[in-house]
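A closer look at the structure
Each chain is listed here by its residues.
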Amino acid sequence: QVQLVESGGDLVQPGGSLTLSCAASRFTLNYFAIVWFRQAPGKEREGVLCISYDDTITHYTDSVKGRFTISRDVAKNTLYLQMNSLKPDDTAVYYCKTDGKSGRCPYYPGPLASTPYWGKGTLVTVSA
């Protein structure tokens, strides 16, 4: 079974930086594609970034290009979302997600967004 746990969310001022963690259990995350999603208050969940098994990164949200990136620590079985130059519009609950089958990032994350087995997410609040 796939189990992913998000952590690292915090209150941060505009322009600040934050790194979120996605810890895996019951499987080794480097074999699979992992998608970072976020859900802002009152809005639908959206895909943000994805990393494939070969570390290819796919951007789904244009507003985070050049500001967010993904990295892996294989020894810790953990994925990181590095966020810089944060804006108030980045305020959301952030989730990591995989289908547990594919090593390639999906062309469009919509179908994955509607599947079950989500973690609790971690809240990022960007405010002065």
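What you are looking at is a predicted structure, and each value in this text was computed from that prediction instead of being measured.

Details of unusual backbone geometry
If you check the backbone angles, N77 has positive phi at about 55° while not being a glycine. Along the polypeptide, N77 turns up in the loop between β7 (68-73) and β8 (78-83). Within the chain, S85 stands out as a residue other than glycine whose phi angle is a positive 50°.

A closer look at the state of the cysteines
Summed over all chains, the structure comprises 2 disulfides. A sulfur-sulfur separation of 2.1 Å characterises the disulfide bridge that pairs C50 with C105. Across the S-S bond of C50 and C105 the torsion is about -95°, and the bridge reads as left-handed. Taken together, the residues C50 in strand β5 (residues 46-51) and C105 in the loop between β9 (92-97) and α1 (110-113) connect sequence positions 55 residues apart. A relative accessible area of 0% means that C50 is categorised as buried. Disulfide partners in the chain, listed by the sequence order of the bonded cysteines, are 1-3, 2-4.

Topic: the nonpolar core
Counting 27 residues, the largest nonpolar core has L20, W36, F68, L79, L81, M83 and Y94 as its most contacted members. Contributions of two or more residues to this core are made by β3 (18-25), β4 (34-39), β5, β7, β8, β9 and β10 (122-126). When residues of this core are assigned to their parent elements, the largest contribution, 4 residues, is made by β3. Residue contacts for L20: discarding those within four places in its chain leaves S7, G8, G9, W36, L79, Y80, L81, M83, Y94, T122 and V124.

Some thoughts on the packing of aromatic side chains
A full pass over the atoms with the stated rule returns 2 aromatic pairs. Centroid distance F37 to W118: 5.1 Å. Interplanar angle 80°. Geometry classified as edge-to-face. Taken as a pair, F37 in strand β4 and W118 in the loop between α1 and β10 lie far apart in primary sequence, 81 residues in all. A relative accessible area of 21% places W118 in the partly exposed class. Taken together, F37, Y95 and W118 form an aromatic cluster joined through their ring pairs. K97 extends its terminal NZ or CZ atom over the ring of W118, reaching a point 4.7 Å from the ring centre.

What counts, and where the lines are drawn
- Residues numbered from 1 in each chain as written.
- Predicted model: local features only at pLDDT ≥ 70, side-chain atom pairs only at ≥ 80, totals over all residues.
- Heavy atoms only, no water.
- Helix = DSSP H or I, 4+ residues; strand = E, 2+ residues; numbered from the N terminus.
- Disulfide = S-S within 2.5 Å.
- Buried < 20%, exposed > 50% of the residue type's maximum accessible area, 1.4 Å probe, protein only.
- Core = buried A, V, L, I, M, F, W, Y, C linked by side-chain atoms within 4.5 Å.
- Contact = heavy atoms within 4.5 Å.
- Phe/Tyr/Trp six-rings, centres within 6.5 Å; stacked < 30°, edge-to-face > 60°.
- Lys NZ or Arg CZ within 6 Å of the ring centre and 35° of its normal.

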